[in-house]
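# Structural features, examined
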There are 2 protein chains.
Amino acid sequence: VSAGQQHGAPLAIGIDLGGSQVRAALIDRAGKVLKRSAVATEAAAGPDIVIEQLCAVAGEVGEGIDRSQLAGIGVAAPGPLDSETGVVLGIPTIAGFVDFPLAERLTSRLATPVTLENDGIAAALGEWRFGAGQGHKHLVYVTVSTGIGGGIISDGRVLRGRKGMAGHIGHMTIVRDGALCACGNRGCWEAYGSGTALAQRAQARSKTAPGTVLADGRIVDARGVFDAERLGDRLARELVAEEASILGVGIVSLLHLYSPEVVILGGGLAHAFDALYPGIASHVAEAAMPAFRDAAIVRAALTGNSGLIGAASMVFDAVPATTRA
Amino acid sequence: VSAGQQHGAPLAIGIDLGGSQVRAALIDRAGKVLKRSAVATEAAAGPDIVIEQLCAVAGEVGEGIDRSQLAGIGVAAPGPLDSETGVVLGIPTIAGFVDFPLAERLTSRLATPVTLENDGIAAALGEWRFGAGQGHKHLVYVTVSTGIGGGIISDGRVLRGRKGMAGHIGHMTIVRDGALCACGNRGCWEAYGSGTALAQRAQARSKTAPGTVLADGRIVDARGVFDAERLGDRLARELVAEEASILGVGIVSLLHLYSPEVVILGGGLAHAFDALYPGIASHVAEAAMPAFRDAAIVRAALTGNSGLIGAASMVFDAVPATTRA
């Protein structure tokens, strides 16, 4: 047993390395968040500075905790990353993380075993164990924010694939030769369904739509579209209906590809779940093959913390079954 | 132990229920086909007649085999089917198989335990154990014929999902609001990449392309296109390049979705693997995210028998590990 790794220890620390925030939480085996800390990511400063940020938030939530109580530290980061070797392959939104051995660097810096996981998979795990996926054997977690990501639980196990890179669901093609995606490919689901894509459509169309509150000249974001929709704005209603339809197209594919019992929607756009749900459900009802139509589509229960809690809970997972508490 | 179920028995029978042929094979634990039988499917005659056909081909390959030598019978059939309950939910190409308890009916008729599996998953299993997927932990099997189907091995296990319906990869959308698919949805990969779709494009374009051997008025099938391509026919070369590009679009999505080490191409179009490979590989090289580009793309090794052999080998799988030979 490595120094600091305590089988059966009741607590774990989760860290979420995001493009805008670096966050940490201390959780117990029931998934309860006991303490949290966050700081704005120094996204342009390079890995050394960001590593210091990760250590700082982890240190804050771990302060005063007896080492014997801590099972370990789990880190969620944007993919693609190789969770088998703990190496980040590249993070578009944070400078310098190219082929970067993040798990190794943090393990040595924190003198505690660190496990690295793709943030979509970590969030799927969090929702499965403690959120909207509890009691299911098969689920797909979809996060829709600036991009689209996700993670899959199938047959009662986390689906990992080679290098742990399965589940990059935002990068399936839904429009052949379509819009350019941040990944370099064309027509990805993310390029049409992300909050970023929705905001871009809103911005473009507000210039010609008469009488919309999404007026020309102001910056329109996804939240602004949903706010305007609730006020009855006609353009906003059209934009929300189209967004729901685009999400429905991808979700129908996911049903056929993974056959989940439940699709869990997380990320920034999950705040607008009630506005999006009818359009998604009606697309599933008409486009999915009949045997797949009764899968449930629900909102994430842990909202912004699915990945953070899931990352922490991985550490409990890593404990050999024979010595498990 | 049910009558006829012999743990550790050295032989198994596989049956493949296809739209054009009903086939059976006797295999040993090394996947070697010892005996085979086939008959044209009475696709319009209804389940009772087809059940008799299944029993006839199974009886033929099992003739003279001592019951103690037979581990069981595995059946592969077109999906969607519920492999947990052994119920076929609907086969578009064979009349009367709607919510049909095929495993139960065959078990009672043959007095031998029968296991039912989606034909794409059975073929993936066959290739994994005895074909092009040997030694891999993560693979995607893609069959391209009249339709597109498949099956996934991930993390060293068969990916099943709810009701065992995971892996309906032909029915992911690649063109939103695109061409109508046999499943009722629009824009499915199958509607663009199947041999049927290729033949339809050939038929349509041959009417206006000057000097093609794919002359107007004759029926053109996928095989005819590849034959003409080998002869240097210009239209045929364009059609093959486009088919490779369409297959490449879907395969890139599959890499991102499942992160396999290898993609195995089977089905009728696998005969034209050498003609299609360069176009598929170049699309993967430019469109897949860098971390996914080194996955191998290979031709199925068991050609037309992947599903038959995979279905038979399931029976060995079903034997409890503790009593395994």
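None of these values were measured; they are calculated from a predicted model.

Helix and strand counts for chain A come out as nine helices and 12 strands. For 325 residues, the compact-globule formula gives about 20 Å, and the C-alpha radius of gyration of chain A, at 20 Å, lands near that figure. Its C-alpha atoms put chain A at 65 × 45 × 35 Å along the principal axes. Sequence separation of at least 24 residues holds for 64% of the intrachain contacts in chain A that already meet a minimum separation of 6. Accessible surface computed for chain A: about 12,500 Å², of which carbon and sulfur atoms make up 52%.

Now for the packing of helix 5 (residues 195-206) of chain B against helix 7 (residues 234-258) of chain B. Residue and element names in this part refer to chain B. Close contact between helix 5 and helix 7 brings their axes to 11 Å; oriented N to C, the two are set at 145 degrees. Here the hand of the crossing between helix 5 and helix 7 comes out right-handed. Across the interface between the two elements, Leu-198, Arg-201, Ala-202, Arg-205 and Ser-206 of helix 5 pack against Leu-235, Leu-239, Glu-242, Glu-243 and Ile-246 of helix 7. In terms of residue class, the contact of helix 5 with helix 7 is made up of five nonpolar, one polar and four charged.

Moving on, we come to the sheet that holds strand 3 (residues 33-40) of chain A. Residue and element names in this part refer to chain A. In spatial order, the strands read 3-2-1-4-7; together these five strands make up an open sheet with mixed pairing. Lying at the two open borders of the sheet, with one neighbouring strand each, are strand 3 and strand 7 (114-118). Each neighbouring strand pair of the sheet contributes to a mean axis angle of 20 degrees, computed without reference to strand direction. Inspection of the sheet shows strand 4 (residues 70-77) paired to strand 7 by five bridges, in the parallel sense. Its bridge partner being in strand 7, Ala-77 is matched across the sheet by Asn-118. The strands touched by helix 1 (residues 47-62) are strand 1 (11-17), strand 2 (21-28) and strand 3; relative to strand 3, the strand with the most contacts, the crossing angle is about 155 degrees. Contacts from helix 2 (residues 102-110) reach strand 1, strand 4 and strand 7 within the one sheet, and its direction differs from that of strand 7 by about 150 degrees.

Residue and element names in this part refer to chain A. Burial within strand 11 (residues 262-266) is extensive, with five of its five residues counted as buried. Covered by surrounding structure in strand 11 are Val-262, Ile-264 and Gly-266 together with Val-263 and Leu-265, the residues of both alternating faces. Examined bridge by bridge, strand 8 (residues 139-144) and strand 11 share five bridges and lie parallel to one another. Each residue of the ladder has a partner; that of Val-140, found in strand 11, is Val-263. Two elements, strand 11 and strand 12 (residues 296-299), share four bridges in a ladder whose sense is parallel. Across the sheet, residue Leu-265 finds its bridge partner in strand 12, namely Arg-299. Note that the unit made of strand 11, helix 8 (residues 273-287) and strand 12 has a crossover that is right-handed.

Let us look at helix 5 of chain B. Think of an α-helix as 3.6 residues a turn; residues three or four steps apart then line up on the same face. Residue and element names in this part refer to chain B. The end-to-end C-alpha distance of helix 5, which contains 12 residues, comes to 16 Å, matching closely the 16 Å that a straight helix rising 1.5 Å per residue would cover. Burial in helix 5 covers these residues: Gly-195, Ala-197, Leu-198, Ala-199, Arg-201, Ala-202 and Ser-206. Buried residues along helix 5 sit in contact with strand 8 (139-144), helix 4 (189-193), helix 6 (222-230) and helix 7.

Attention now moves to the packing of aromatic side chains. Residues and elements named next belong to chain B. This model, assessed by the stated rule, comprises five aromatic pairs over all chains. Geometrically, the ring pair formed by Phe-97 and Phe-100 is edge-to-face, given 5.0 Å between the ring centres and 65 degrees between the ring planes. For the residue pair Phe-97 and Phe-100, the accessibility class agrees, reading buried in each case.

Attention now goes to the relation of the copies chain B and chain A. By a simple turn and slide, chain B fits onto chain A: the slide is 0.0 Å along the axis, the RMSD is 0.0 Å, and the turn is 180 degrees. With respect to symmetry, the two chain copies, as superposed, fit the operation of a two-fold axis. An overlap of 100% is found between the interface residues of chain B and their copies at the interface of chain A, pointing to a shared contact surface.

This part takes up the nonpolar core. Val-142, Ile-169, Trp-189 and Tyr-258 of chain A together with Val-142, Trp-189 and Tyr-258 of chain B are the most contacted members of the largest nonpolar core, which totals 108 residues. In contact with Tyr-258 of chain A, other than residues within four places in its own chain, are Val-140, Ile-152, Ser-154, Leu-159, Gly-167 and Ile-169 of chain A together with Leu-159, Gly-161, Ala-166, Leu-257 and Tyr-258 of chain B.

Where interface size is quoted, it is often the accessible area lost as the parts come together. Contact residues are listed per partner, giving 45 residues for chain B and 45 residues for chain A. The largest contributions to the chain B side of the interface with chain A come from Arg-162, Arg-176 and Leu-257 of chain B, which together make up 21% of the buried area. In this assembly, chain B and chain A are joined by two salt bridges. In this structure, Asp-294 of chain B engages Arg-162 of chain A in a salt bridge whose closest nitrogen and oxygen atoms are separated by 2.8 Å. Remark: the boundary between chain B and chain A carries 28 residue pairs in polar contact (both at pLDDT 80 or more). Secondary structure elements with two or more residues in the side of chain B that touches chain A: strand 10 (157-158) and helix 7 of chain B. Here the element with the most residues in the side of chain B that touches chain A is helix 7 of chain B; it accounts for 10 residues. Across the side of chain B that touches chain A, the residue classes tally to 23 nonpolar, 12 polar and 10 charged.

With that out of the way, let us pick up the confidence of the model for chain A. Residues and elements named next belong to chain A. On average, chain A scores 93 in pLDDT, and the residues at 70 or more come to 94%. This model gives residues 319-325 a pLDDT under 50, and the stretch forms 10 contacts once residues within four places in sequence are excluded. Complex prediction metrics read pTM 0.95 and ipTM 0.95.

Let us now look at the side chain of His-168 of chain A. Examined against the element boundaries, His-168 of chain A turns out to sit in the loop between strand 10 (157-158) and helix 4 (189-193). If near-sequence neighbours (up to four positions away) are discounted, His-168 of chain A is found in contact with Gly-79, Pro-80 and Asn-118 of chain A together with His-256, Met-289 and Phe-292 of chain B.

On to the side chain of Glu-242 of chain A. Its place among the elements puts Glu-242 of chain A in helix 7 (residues 234-258). Looking at Glu-242 of chain A, its side chain comes within polar contact range of the side chain of Arg-205 of chain A, at 2.9 Å.

A few words now on unusual backbone geometry. Peptide bonds are mostly trans, and most non-glycine residues show a negative phi. Residue and element names in this part refer to chain A. A cis amide bond links Gly-79 with the next residue in sequence, Pro-80, at an omega value of -5 degrees. Positionally, Pro-80 belongs in the loop between strand 4 and strand 5 (81-82). We note that Asp-99 has phi near 45 degrees; this positive angle belongs to a residue other than glycine. In this structure, Asp-99 sits in the loop between strand 6 (87-88) and helix 2. Its identity is not glycine, yet Thr-303 carries a phi of approximately 35 degrees, on the positive side.

Now for the packing of helix 7 of chain A against helix 8 of chain A. Residue and element names in this part refer to chain A. Packing of helix 7 against helix 8 brings their axes to within 8 Å, and their N-to-C directions diverge by 45 degrees. Judged by the inter-axis angle, helix 7 sits oblique to helix 8. Handedness of the crossing formed by helix 7 with helix 8: right-handed. Residue-level inspection shows Val-240, Glu-243, Ala-244, Ser-245, Leu-247, Gly-248, Val-249, Ile-251, Val-252, Leu-255 and His-256 of helix 7 in contact with helix 8, the latter providing Ala-275, Leu-276, Gly-279, Ile-280, His-283, Val-284 and Ala-287.

Here we take up the pattern of salt bridges. Residues and elements named next belong to chain B. Within this structure, the stated rule accounts for 19 salt bridges over all chains. Taking the shortest distance from any N to any O, the salt bridge between Arg-160 and Glu-117 comes out at 2.2 Å. Of this pair, Arg-160 sits in the loop between strand 10 and helix 4 while Glu-117 sits in strand 7 (residues 114-118), and the two are 43 residues apart along the sequence. Measuring nitrogen to oxygen at the nearest pair gives 3.7 Å for the salt bridge that ties Arg-234 to Glu-238. Of this pair, Arg-234 and Glu-238 both sit in helix 7, four residues apart, which is roughly one turn of the helix.

Parameters at a glance
Residues numbered from 1 in each chain as written. Chains lettered and ligands numbered in written order. Predicted model: local features only at pLDDT ≥ 70, side-chain atom pairs only at ≥ 80, totals over all residues. Heavy atoms only, no water. Helix = DSSP H or I, 4+ residues; strand = E, 2+ residues; numbered from the N terminus. Rg over C-alpha atoms; globule rule 2.2 N^0.38 Å. Contact = heavy atoms within 4.5 Å. Areas by Shrake-Rupley, 256 points an atom, 1.4 Å probe, with all protein chains shown as cover. Axes fitted to C-alpha atoms, helices over the stretch in contact; angles between N-to-C directions. Left-handed = near helix turned anticlockwise from the far one by under 90°. Nonpolar A, V, L, I, M, F, W, Y, C, P; charged D, E, K, R; others polar. Pairing = 2+ DSSP bridges. Buried < 20%, exposed > 50% of the residue type's maximum accessible area, 1.4 Å probe, protein only. Right-handed = clockwise from strand over helix to strand, strands pointing away. Expected span 1.5 Å × (residues − 1). Phe/Tyr/Trp six-rings, centres within 6.5 Å; stacked < 30°, edge-to-face > 60°. Least-squares fit on C-alpha atoms with pLDDT ≥ 70 in both. Core = buried A, V, L, I, M, F, W, Y, C linked by side-chain atoms within 4.5 Å. Buried area = accessible area lost by both parts, 1.4 Å probe. Salt bridge = Lys/Arg side-chain N within 4 Å of Asp/Glu carboxyl O. Polar contact = N/O pair within 3.5 Å; in protein donor to acceptor, adjacent residues only side chain to side chain. pLDDT = per-residue confidence, 0-100. Parallel < 35°, antiparallel > 145°, perpendicular 65-115°, else oblique.

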